[in-house]
Amino acid sequence: DAVERGEYRHYMQKEIFEQPRAVADTLESRIGPHGVLPNIFGVGGDELLAKVRGVHIIACGTSYHAGLVAKYWIEEYARLPVAVEVASEYRYREAVVPADTLFVAISQSGETADTLAAMRESRRRGYLGTLAICNVPESSVVREADLKLMTRAGPEIGVASTKAFTTQLAALALLTLRLAHERGLDETRYLALCEQLQSLPRMIEQALQLEPEIQALAEHFIPRHHALFLGRGVQFPVALEGSLKLKEISYIHAEAYPAGELKHGPLALVDEDMPVVAVAPNGPLLDKLKSNLQEVRARGGELIVFADKAAPMDGNPSRGSVLRVDAGGEFIAPAVFTVPLQLLSYHVAVLRGTDVDQPRNLAKSVTVE
Ligand code: G6P
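Residues numbered from 1 in each chain as written. Predicted model: local features only at pLDDT ≥ 70, side-chain atom pairs only at ≥ 80, totals over all residues.

An unreviewed UniProt entry lists the chain under the name Glutamine--fructose-6-phosphate aminotransferase [isomerizing], from Rhodanobacter glycinis. UniProt lists a comment for the chain under the heading Subunit (unreviewed entry), and it reads "Homodimer." (UniProt positions renumbered as here; feature names shortened; annotations may be inferred.)

Structure (structure tokens):
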């Protein structure tokens, strides 16, 4: 056990630091200087994807959050409608399936009972085809799908998913680019996005350098009972994933909100005991997010802001801190910003003395309903 963990104290920490390698492996021989390589989704994949007119994504837990990021991506770059749903809901309702819709199941293990059942149910619902994005080649989800794109995260031991998530994002970015190209995205823009995606391992490597600063920040969370995570746009799912990580391993109650919803409820909870973690990438929504943060500040809330290096932000808030992250571009930003949030949860959990790799009541793979 100690041998496998090497220099790391927990599997989770090791897996967080394996992300540059895992993401690079997932992109390896699938994307090059001229774009996404042919037939990376399996035999007949490109022909099938050329017919797609809409996408339904089904998953659970962290994999569901990856699906939510993909919705923003595919709608923006490929201009195809996307619906994302947790598998346990999807399987028991009568979803409407428009013609030529692709069914995508995302699962680290490929054995999650609800995801597998949703995929079986999808057969009855008349999809164009099914695609599995999965980390285990011999799993049930992969065996039963028409098309597959394997994440190459390697074994993930920590119950809280880390490298599985960022490799899912890498795989979903490849899907986005393939669909976008097919749907006539401007070639220059397409190639620029491809280049950005290929820089992801390097940008994650840089984000990992923030560990000492994040470790210091984690101390603020030791006595807390609640935390709020805010994001906007494609960073909202990143906030959801950040709050899930904190809940899972530190047992601090955390909720994520799209920052624009702050006024519609959660602001009532903000006081000096409620840390607010915000993801602030550079982009058209930055000013709006800043005014949301002003509302938190005015109520004495402690603000922890992960801000893009390029984003013009004021200095440190009176209570809290601003940490600078080099996102490396708007497309890959959600994957890069995920990393400091993983490190934050990890260090909070270590300081609170919980069982980081095996949190109470949770299982790595939920194979029962
Ligand atoms: C469990 C795990 C999570 C995981 C979820 C979905 O809840 O603890 O980390 O995200 O299952 O698992 P899957 O293998 O389908 O991605």
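Now that the structure has been shown, the text picks up again.
*Asks:* How do you make sense of the overall build of the chain when you look at a structure like this?
*Replies:* Of regular secondary structure, the chain possesses 15 helices and 12 strands. The principal-axis extents of the C-alpha atoms in the chain amount to approximately 55 × 45 × 40 Å. Scored against the burial criterion, the 369 residues of the chain give a buried share of 51%. Contacts in the chain between residues at least 24 apart in sequence constitute 74% of all its contacts with a sequence separation of at least 6. (Helix = DSSP H or I, 4+ residues; strand = E, 2+ residues; numbered from the N terminus. Buried ≥ 20, exposed ≤ 12 C-beta atoms within 10 Å, placed from the backbone. Contact = placed C-beta atoms within 7 Å.)

*Asks:* Explain helix H14 (residues 286-298) here, please?
*Replies:* For an α-helix, the turn length of 3.6 residues means that residues three or four places apart are oriented alike. Over its 13 residues, H14 runs 18 Å from end to end, which matches the ideal 18 Å to within 8%, given 1.5 Å per residue. Every buried residue of H14 is listed here: Leu-289, Asn-292, Leu-293 and Val-296. All buried residues of H14 project into a common sector of 100 degrees when viewed along the axis, lining one side. Away from its buried face by more than 90 degrees, H14 exposes Asp-287, Ser-291 and Ala-298. Packing partners of the buried residues in H14 comprise strand S8 (226-231), strand S10 (275-280) and strand S11 (302-308). Following H14 by one or two positions, Gly-300 has its phi on the positive side, about 75 degrees. (Expected span 1.5 Å × (residues − 1). Arc of directions from axis to C-beta.)

*Asks:* In this structure, what is going on with the packing of helix H9 (residues 163-182) against helix H15 (residues 333-352)? I would like to understand it.
*Replies:* When two helices pack together, their arrangement is given by the angle between the helix axes and the distance between those axes. Where H9 meets H15, the closest approach of the two axes is 10 Å, and the angle between their N-to-C directions is 175 degrees. Classed by the angle they form, the pair H9 and H15 counts as roughly antiparallel. In this structure, H9 uses Phe-165, Thr-166 and Leu-169 to contact H15, whose residues at the interface are Pro-334, Ala-335 and Thr-338. (Axes fitted to C-alpha atoms, helices over the stretch in contact; angles between N-to-C directions. Parallel < 35°, antiparallel > 145°, perpendicular 65-115°, else oblique.)

*Asks:* What exactly am I supposed to notice about the pairing of S11 here?
*Replies:* Within a regular strand, side chains alternate between the sheet's two faces. Where burial is concerned, most of S11 is hidden: seven out of the seven residues are buried. Alternating positions in S11 separate into two faces, Glu-302, Ile-304, Phe-306 and Asp-308 on one and Leu-303, Val-305 and Ala-307 on the other, with burial throughout. In the classification by handedness, the crossover that spans S10, the intervening H14 and the parallel S11 is right-handed. Inspection of the sheet shows S11 paired to strand S12 (residues 320-325) by six bridges, in the parallel sense. Across the sheet, the residue bridging to Val-305 is Val-322, located in S12. (Right-handed = clockwise from strand over helix to strand, strands pointing away. Pairing = 2+ DSSP bridges.)

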